Amino acid sequence: MDSVQATQEKMKVNRTISSNETNDGTQRTSSKNSEEAKDQSLEALLDNIEVSEEDKIEVQEDVDKIAEKVPLGTFGNPKFYLHFLAIYASFGGFLYGVDQTLVSGALLYLLKDIKLNVEQESLITSAVSLGGIPGAIAAIAVNEALGRRGGIIIACLLDTTGAIMCAAARSYGVLLPGRLILGAGIGMEAMTVPTYIAECSPKQRRGGLVSLYQVMIVFGLLGGYVVDAIFTNVDGSWRYMLGSSLVFSTILMTGAIFFPESPRWLMKRGRYQRALVVWRKLRGFRGEEIEEFVRMKKVVETERQFAKPFLIVMMDFLRVPHCRRAFELGVGIMFIQEFSGVATINYYTGTLFEKLGMTPSHSVYMGMIGEGVFFFATIPAIYLNDKIGRRWLLLSTMPGIILGLIITGFSFYASDKSSKVGLYTWGVVTFYLFWGPGMGPVPWTINSEIFPTYIRTYGVASCTIMNFFGNWLTSYEFLRMEKHMTDPGVFIGFYGGIVFLGWIYLVLFMPETKNLTLEEIKQTFSLSHVEIAKRNWQKAIDDWHFIKAYFGRQRSRQQIVHPVSQTV
């Protein structure tokens, strides 16, 4: 602790205002403390950073110097500017969702113009997810070199290019690369936009503003079906469906050109004064805001001075116990999310409705019902995530997901068209109703919390890659699985079985992270698997007793209000 405090005091002495002086000061501090901090853990340094009144006064003096020269901007009020920026940036989530479901309606018309075999159809359907894997990997380097704003612009350029290629395609050889490029843009955008929003948002509103991105994804899923419905009776309909993505990517790119850069990235690049200017426009320097800015500054400076090489950091996922267990949960929960069958339902709903006997246009319209329920079911998660906790919200909704898969699977056994369509719609609506508030947003929230600060970027990136890989694999293999396992086997046996086994895994190994500090989360994951399972099992028993007691009290109240009449 003494060496940590000494390191912090020496960092204060070397602090300067201008970016050039900041860089020089950082180098001097680094050289003086290299031997002293040699055996210090970067994680320990970050955990023990403190903010003093002197630090706040120094920053406030710098703010006063730029206040007269730099206006607050168009909005004047930082709160309004921040919310406008978060809402506009979260439009990237809408773009992500639209690009997933546009293909559902396009497939109903595409096969008439371009002849595809089963394998080619599967690859065209899943290519966006496949392209998202290298896009997410490339986002790490792009974000470091060009910043979050630059990453969003590059992602939009890739998305626009891919959409143009898809709309103009006259063969499988052009359509497939177009879908892959589109996917690369989506992967890069999915890695960049939530990070950008989080780095610009205050800690007390960060969860809600980042959750807005997930809500916009689901809104985009619905939007994809709406676009399909608009063009369903137009000649060359599938070209307009797939090409419409460029409209949305252009809207996002136009706004991104005028976005301010993330203050954290600016600070990381040594551009201290510019970070001050952006923070003043987005957040202001009143109350907790100035303390958060000082803490961010110290964290970034410490990371720059004592950061480990990339390979050493990645090895921490294997050799450091609490990092390894966080990694296991993060990747595992993403596996369960994608292997619940959500990609299959999103991509193939139109095809499955047509298989049940509906016309292509009616299949598109019916797909809007499920996505509409999905959208409205996701909205409560913004509130419930922090109200009842991540663990309870996820575990309580997973049985409903299994029920939806069972109903969906049995719909294919119905004897007539009306029964098949009715049961399938009921199953999909039930699936989305429970998937929306739980399995949709909770994995992303969990992954943003469980990793230590110094390794979080790589942890979230690994989980995002797992997400895209699972999305691609389940959508690519569905047609073959459908042929060999039948539809009930896929939905009930495969997807339902994985969700059930995943529920057991999460009951035992997923701790509650609501309201926990980074240090408390670290302590939780420092326990062995057996100790974590014992704690969680006891927590499950306590929750069960709480639920029984709650409903017992409700019955008692009803009996008092409406006593049972007795006859003498």
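Computed from a prediction, not measured in an experiment: that's the story for all the values here. (Residues numbered from 1 in each chain as written. Predicted model: local features only at pLDDT ≥ 70, side-chain atom pairs only at ≥ 80, totals over all residues. Heavy atoms only, no water.)

> Could you give me a rundown of the packing of aromatic side chains, with the residues and numbers involved?
Applying the stated criterion across every chain yields a total of 30 aromatic pairs. For the ring pair Phe219 and Phe375, a centre distance of 4.9 Å and an interplane angle of 35 degrees mean the geometry is tilted. Of the two residues, Phe219 sits in helix α9 (residues 203-231) while Phe375 sits in helix α17 (residues 360-378), which places them 156 residues apart along the sequence. Under the relative-accessibility criterion, Phe219 is labelled partly exposed at 34%. Overall, the relative accessible area of 14% leaves Phe375 in the buried class. A connected cluster of aromatic rings, assembled from ring pairs, spans Tyr348, Phe353, Phe412, Tyr424, Phe478, Phe491, Phe494 and Tyr495. (Phe/Tyr/Trp six-rings, centres within 6.5 Å; stacked < 30°, edge-to-face > 60°. Helix = DSSP H or I, 4+ residues; strand = E, 2+ residues; numbered from the N terminus. Buried < 20%, exposed > 50% of the residue type's maximum accessible area, 1.4 Å probe, protein only.)

> Please set out the packing of helix α7 (residues 118-168) against helix α22 (residues 456-509) residue by residue, giving values where relevant.
Put simply, α7 and α22 touch, their axes get as near as 8 Å, and they point 175 degrees apart. With respect to α22, the element α7 is oriented roughly antiparallel. (Axes fitted to C-alpha atoms, helices over the stretch in contact; angles between N-to-C directions. Parallel < 35°, antiparallel > 145°, perpendicular 65-115°, else oblique.)

> How would you explain the side chain of Glu338 if you had to name every residue and give the values?
Residue placement: Glu338 occurs in helix α16 (residues 321-355). Buried and unpaired, Glu338 has no salt bridge, with Arg179 as the nearest side chain of opposite charge at 13 Å. In terms of polar contacts, Glu338 uses its side chain to reach the side chain of Asn471, at 3.4 Å. Ignoring any residue separated from it by four or fewer positions in sequence, one finds Glu338 in contact with Ala343, Asn467, Gly470, Asn471 and Thr474. (Lys, Arg positive; Asp, Glu negative; His and termini not counted. Salt bridge = Lys/Arg side-chain N within 4 Å of Asp/Glu carboxyl O. Polar contact = N/O pair within 3.5 Å; in protein donor to acceptor, adjacent residues only side chain to side chain. Contact = heavy atoms within 4.5 Å.)

> Which residues make up the packing of helix α8 (residues 172-200) against α22, and what are the values?
In the contact formed by α8 and α22, the axes pass within 11 Å of each other and the chain directions differ by 145 degrees. Handedness of the α8/α22 crossing: right-handed. The residues of α22 that touch α8, namely those facing Ile186, Gly187, Ala190 and Met191, are Ala461, Thr464 and Phe468. Looking at side-chain class alone, the contact of α8 with α22 contains 5 nonpolar, 2 polar and no charged residues. (Left-handed = near helix turned anticlockwise from the far one by under 90°. Nonpolar A, V, L, I, M, F, W, Y, C, P; charged D, E, K, R; others polar.)

> Account for the environment of Glu189, with residues named and values stated.
Topologically, Glu189 is positioned in helix α8. Along the sequence, Glu189 and Ala136 sit 53 residues apart, while their C-alpha atoms lie 7.9 Å from each other. Leaving out residues up to four positions away in the same chain, Glu189 has contacts with Gly92, Gly93, Tyr96, Ala155, Pro194 and Tyr213.

> I'd like to hear about the pattern of salt bridges, residue by residue, with values.
The full count for this structure, using the stated rule, is 10 salt bridges. The partner of Lys297 in a salt bridge is Glu301, with the nearest N and O atoms 2.9 Å apart. Residue Lys297 and its partner Glu301 are both found in helix α14 (residues 288-306); the two are separated by 4 residues, about one turn of the helix. A relative accessible area of 7% means that Lys297 is categorised as buried. Linked through salt bridges whose partners overlap, the residues forming this network are Lys56, Glu291 and Arg295.

> Which residues make up the nonpolar core, and what are the values?
In terms of nonpolar packing, the biggest core is built from 137 residues, with Val59, Phe293 and Leu506 touching the most fellow members. Both of domain 1 (73-259) and domain 2 (309-547) provide at least three residues apiece to this core. Of all hydrophobic cores here, the second largest spans 7 residues; its members include Ala136, Ala139, Val142 and Ala461. (Core = buried A, V, L, I, M, F, W, Y, C linked by side-chain atoms within 4.5 Å. Domains from an automatic or database assignment.)

> An account of a nonpolar patch on the surface is needed here, citing residue identities and associated values.
Taken together, Phe376, Ile379 and Ile382 make up a surface patch of nonpolar side chains, about 270 Å² in accessible area. In this fold, Ile379 is placed in the loop between α17 and α18 (381-387). By relative accessible area, which is 35% here, Ile379 ends up partly exposed. (Patch = residues over 30% accessible without salt bridge, like charges linked within 9 Å, V, L, I, M, F, W, Y side chains within 5 Å. Areas by Shrake-Rupley, 256 points an atom, 1.4 Å probe, with all protein chains shown as cover.)

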